[in-house]
Amino acid sequence: MALKYPLITKIGIPVLIALVIVFHVIRRKYKFKGGVRVANTSYARNLPEYKTYKNVHGFLKIVMEFSIIIAIVASLFLMARPVKTETVSNGTKKRDIYLCLDVSYSICYLNYDLVDSLKEVVKGLDGDRFGITIYNTSTVLYVPMTDDYDFILKKLDDLKTYFELQREYVENYWNVYYYQLDERYYELSELLSYYDAGTLVNNYTKGSSLIGEGLASALFSFPHLDDENRTRIIIMSTDNAQEALSKPLVELDEASDMCKNNGVTIFGIFPNEQVFTRLNDYSKDYDKLAREMKEDVEKTGGAFYKQTDTVTVKDIVNDIQSQKVMEVNEITINKVVDKPAIPAIILCIAIILLLISGAIILL
């Protein structure tokens, strides 16, 4: 144990010793010497009761003086702040995780499986924060960063319903003629418009699947991005098939550079090739788009995954969880802790002794 302000005791204790010495010198100097103060007291002074009282009184005076000195010394140590440096656990390093979903209908199958698999991940979180952004032309902050896991699970269920509606639309109305549309088509369109609304702002002029803008929006949705004490992760699903009608504000490679510069790790998930081919036109090169996305994701220290017939989204999510950046590490720090207990107890005992001895003398 050490003292934070040792100068207090280094000065205070010598001063106290000097004062005690001066007090005893002065008291001895003015002590009564010779003569009789009161006549005819020898009988009383020789009584056993008197001798006992005198001895007790002298002893109590010593106790009082000793108690005062100890109380002052204990007070000096308390003022000097006794401390101890301890290695203490400061909890665990927590993570901020954003799910960044390209909600183009062409990857509805991937998104459906992804939100379903991530429900188990969210149930296992403890203190980590989770958020969701969805985008097509524009980005919607669907779930701001939060540790309200019940709310997150509810919103994942809502997204699962959304992607289920998208799948129904794709399977029944993706390439049909106008005269083939039925009543269910209009019901489905109305239901989907609720979810689509915020993600299609200015899509007639800007286009769709603006992946770079979607990723950048997720990045800058992290609260306190300059706080280096949090691990930040983006799990992004997209087919990287951008259909811009004008130059996007941010391209995917630029957005991934921003993530890298801000210490944010990206895990990218790419759809099944068969589904991609069926839902995109032949001008889209599956391998080229996958390769470009892989380069942009891996530069942040993350990993790139392809959904295949043998690699399911659940397998991918399990692998993401096993990545080192997803590990939750205990943080220990050296912390200076106040240790006032011993001098405080001594001070209390000294005060109690002083009060008791003083009370006995008065009685």
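Structure's up top.
A brief report on the enclosed structure follows. What you are looking at is a predicted structure, and each value in this text was computed from that prediction instead of being measured.

Once that is clear, we can look at the overall build of the protein chain. If you tally the helices and strands in the protein chain, you get 13 helices and 11 strands. The C-alpha radius of gyration computed for the protein chain amounts to 39 Å, which surpasses the reference 21 Å derived for 363 residues by more than 25%, pointing to a less compact arrangement than a globule. For the protein chain, the residues scored as buried account for 38% of the 363 residues in total. Counting contacts in the protein chain only where the partners sit at least 6 residues apart, residues at least 24 apart contribute 81% of the total. On the protein chain, roughly 21200 Å² of surface is accessible, and the fraction owed to carbon and sulfur atoms is 58%. Of the side-chain charges in the protein chain, 41 are positive and 47 negative, and the distance between the mean point of each set is 26 Å.

We now examine the sheet that holds strand β4 (residues 129-135). Working definition: the strands of a sheet are paired by backbone hydrogen bonds and lie parallel or antiparallel to each other. Strands sit in the order β5-β4-β3-β7-β9-β10 across an open sheet of 6 strands; the sheet is mixed. Single-partner strands in this sheet number two, and they are β5 (139-146) and β10 (303-306). Across the sheet, the mean angle separating the axes of adjacent strands is 15° when strand polarity is ignored.

Glancing now at the pattern of salt bridges. Opposite charge on two side chains makes pairing possible when the charged atoms of those side chains draw close. A complete count under the given rule lists 16 salt bridges for this structure. Between Arg-129 and Asp-96 there is a salt bridge, with the nearest N and O atoms lying 2.8 Å from each other. With a gap of 33 residues between them, Arg-129 in strand β4 and Asp-96 in strand β3 (residues 95-102) connect regions that are remote in the sequence. Look at Arg-129 and you get partly exposed, because its relative accessible area is 23%. Notably, a salt bridge pairs Glu-298 with Lys-294, separated by 2.9 Å at the nearest N-O pair. Here Lys-294 and Glu-298 lie together in helix α11 (residues 286-298), a separation of 4 residues that amounts to about one turn. The exposure class of Glu-298 is partly exposed, given its relative accessible area of 37%. Each of Lys-154, Lys-155 and Asp-158 takes part in salt bridges that share partners, so that together they form one network.

This next bit is on the pairing of β3. Across the 8 residues that make up β3, a large majority, 8, are buried. Because side chains alternate across β3, one face comprises the buried residues Arg-95, Ile-97, Leu-99 and Leu-101, and the other comprises Asp-96, Tyr-98, Cys-100 and Asp-102, equally buried. As judged from the 7 bridges shared by β3 and strand β7 (residues 231-237), these two strands associate in the parallel manner. When the bridges of β7 are listed, Tyr-98 appears paired with Ile-234. Of the pairings in the sheet, the one linking β3 to β4 comprises 7 bridges and is parallel in character. Counted as the bridge partner of Cys-100 is Thr-133 from β4. Tracing the backbone out of β3, into helix α4 (residues 108-123) and back to the parallel element β4 gives a crossover that is right-handed.

On the secondary structure map, Asp-315 appears in helix α12 (residues 313-322). By relative accessible area, Asp-315 is classed as partly exposed at 39%. Separated by 10 residues in the primary sequence, Asp-315 and Tyr-305 place their C-alpha atoms 9.9 Å from one another.

Thresholds applied
Residues numbered from 1 in each chain as written. Predicted model: local features only at pLDDT ≥ 70, side-chain atom pairs only at ≥ 80, totals over all residues. Heavy atoms only, no water. Helix = DSSP H or I, 4+ residues; strand = E, 2+ residues; numbered from the N terminus. Rg over C-alpha atoms; globule rule 2.2 N^0.38 Å. Buried < 20%, exposed > 50% of the residue type's maximum accessible area, 1.4 Å probe, protein only. Contact = heavy atoms within 4.5 Å. Areas by Shrake-Rupley, 256 points an atom, 1.4 Å probe, with all protein chains shown as cover. Lys, Arg positive; Asp, Glu negative; His and termini not counted. Charge placed at Lys NZ, Arg CZ, Asp CG, Glu CD. Pairing = 2+ DSSP bridges. Axes fitted to C-alpha atoms, helices over the stretch in contact; angles between N-to-C directions. Salt bridge = Lys/Arg side-chain N within 4 Å of Asp/Glu carboxyl O. Right-handed = clockwise from strand over helix to strand, strands pointing away.

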